[in-house]
2 protein chains.
Amino acid sequence: MSRRFEFWFDLGSPAAYLAWKRLPGFAQKTGASVTHKPMLLGGVFKATGNASPVTIPAKGKWLLGDLDRTARKDGVPLAYGPGFPISTLALMRAAIGLQLRKPDRFAPYVDAMFDAMFGAPRDLRDEKTIAEVLSAAGFAPAEILALTADPEVKQALIRNTEEAVARGVFGAPTFFVGGEMFWGQDRMDAVAEALAAR
Amino acid sequence: MSRRFEFWFDLGSPAAYLAWKRLPGFAQKTGASVTHKPMLLGGVFKATGNASPVTIPAKGKWLLGDLDRTARKDGVPLAYGPGFPISTLALMRAAIGLQLRKPDRFAPYVDAMFDAMFGAPRDLRDEKTIAEVLSAAGFAPAEILALTADPEVKQALIRNTEEAVARGVFGAPTFFVGGEMFWGQDRMDAVAEALAAR
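This one's a predicted model, so the numbers in the text were calculated from it and none came from an experiment. (Residues numbered from 1 in each chain as written. Chains lettered and ligands numbered in written order. Predicted model: local features only at pLDDT ≥ 70, side-chain atom pairs only at ≥ 80, totals over all residues. Heavy atoms only, no water.)

## Section: the interface of chain B and chain A
Taken together, the contact pairs 22 residues of chain B with 22 residues of chain A. The tally of links from chain B across to chain A stands at 8 salt bridges. Counting across the interface, chain B meets chain A through 10 residue pairs in polar contact (both at pLDDT 80 or more). For the side of chain B that touches chain A, the leading source of residues is helix 3 (residues 57-74) of chain B, giving 7 residues. Here the residues of the side of chain B that touches chain A are counted per class, giving 9 nonpolar, 5 polar and 8 charged. (Contact = heavy atoms within 4.5 Å. Salt bridge = Lys/Arg side-chain N within 4 Å of Asp/Glu carboxyl O. Polar contact = N/O pair within 3.5 Å; in protein donor to acceptor, adjacent residues only side chain to side chain. Helix = DSSP H or I, 4+ residues; strand = E, 2+ residues; numbered from the N terminus. Nonpolar A, V, L, I, M, F, W, Y, C, P; charged D, E, K, R; others polar.)

Take a look at the structure:
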């Protein structure tokens, strides 16, 4: 039986980006398969009373430095686009839409968007820029736009976000191994231990 | 030249307790000396707009489980007394008072109080219980009580707390290696790396 873990994420979270970059190596190391779970972090914050750590200036300042340290260690570029943190509603609708309708295009989309968000940041508040990023990654912007307007897709993102909250998620990235939850890219060692113990 | 790091803490923080328990081994491993910095975490929260993570129920629930996991791994008992989290104003005044007036009694006091807070928890909201804990650890409760009423001691705790905030502290435990700050018992590896790099 293959071991599985869930990866709950939002494209707006730099910590989720760092975790995303580690996932291939992590899967190889643990021999476990990932189930990707897109959620709307803003919705999770609203439902739980939590907020982005950058809303506390001292915490935000330290956290960004801490993420920088991790990124340097991981050899991953990390930078921030204008307006960070931005609304990711349309971006996350597209993610879950692709997961539902074109599952083989899900990971390439998330790759392209995370890179445009934190790798070589673009202004992803701007629809024209999003279209450019999509085109460059081989997507048809009009098709993605249509996905984001699809009521079933919208509903799927709401459902995932509600499931996240119901299961105790309050931030991103969040991992589950069975019923055990782990919050943060800095808990991937504990995720690996939980997988090894199964 | 000996390497030094600062350990900022409040007796009310279970994460600081776990870090405190690790300090002897950490000092041995890194060859570095610690400077203990008592602060009033409630004052830091007020000044920074931060709050105890337990104020967000989902986050508090996860965090307590995460601390449990760390405590089991470290082989350290961890439990919570009635009313957690409690006010630590008098306890922290006594800590800094001993640091100023009887420095050789500072670590035994912090040991006894952390143990009574999180090791084998007592009701440290109750002055009689505090006196019992102090007596059992070889302290004269009246002498400690006098320290907590000493204006210079009160001022020293305010000064430390203000220094913490001015230097970017927003939670506990916090470590400094020179000007570099690290928040959390889960960043002690990064503290060790920063010490090794000096």
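## Focus on the environment of B:Gly171
All names here are of chain B. Among the secondary structure elements, Gly 171 is positioned in the loop between helix 8 (151-166) and strand 3 (174-177). Judged by relative accessible area, Gly 171 falls into the buried class, the value being 3%. Filtering out sequence-adjacent residues up to four positions away, Gly 171 remains in contact with Met 39, Leu 41, Val 44, Phe 45 and Trp 183. (Buried < 20%, exposed > 50% of the residue type's maximum accessible area, 1.4 Å probe, protein only.)

## Considering the sheet that holds strand 4 (residues 180-183) of chain B
All names here are of chain B. The 4 strands are arranged 2-1-3-4 in an open sheet whose pairing can be described as mixed. Taken across any chain shown, the strands that pair with only one partner, and hence form the sheet edges, are strand 2 (33-38) and strand 4. Strand after strand, the sheet turns through a mean of 25° between neighbouring axes, direction not considered. As paired elements, strand 1 (residues 4-9) and strand 2 share 6 bridges and run parallel to each other. Looking at strand 2, one finds that Arg 4 is bridged to Ser 33. Set on the sheet, helix 1 (residues 14-30) makes contact with strand 1, strand 2 and strand 3; between it and strand 1 the angle comes to about 160°. (Pairing = 2+ DSSP bridges. Axes fitted to C-alpha atoms, helices over the stretch in contact; angles between N-to-C directions.)

## Concerning the side chain of A:Arg187
Position of A:Arg187 among the secondary structure elements: in the loop between strand 4 (180-183) and helix 9 (188-196). We classify A:Arg187 as buried; its relative accessible area is 10%. Among the polar contacts made by the side chain of A:Arg187, one reaches the side chain of B:Asp66 at a distance of 2.7 Å.

## Focus: the pairing of strand 3 of chain B
Residues and elements named next belong to chain B. What you see with strand 3 is no split at all: Thr 174 and Phe 176 on one side and Phe 175 and Val 177 on the other are buried throughout. Sheet topology note: the strand 1/strand 3 ladder contains 3 bridges and is antiparallel. Counted as the bridge partner of Phe 7 is Phe 175 from strand 3. Looking at chain direction, strand 3 and strand 4 are connected through 4 bridges and run antiparallel. Across the sheet, the residue bridging to Val 177 is Glu 180, located in strand 4.

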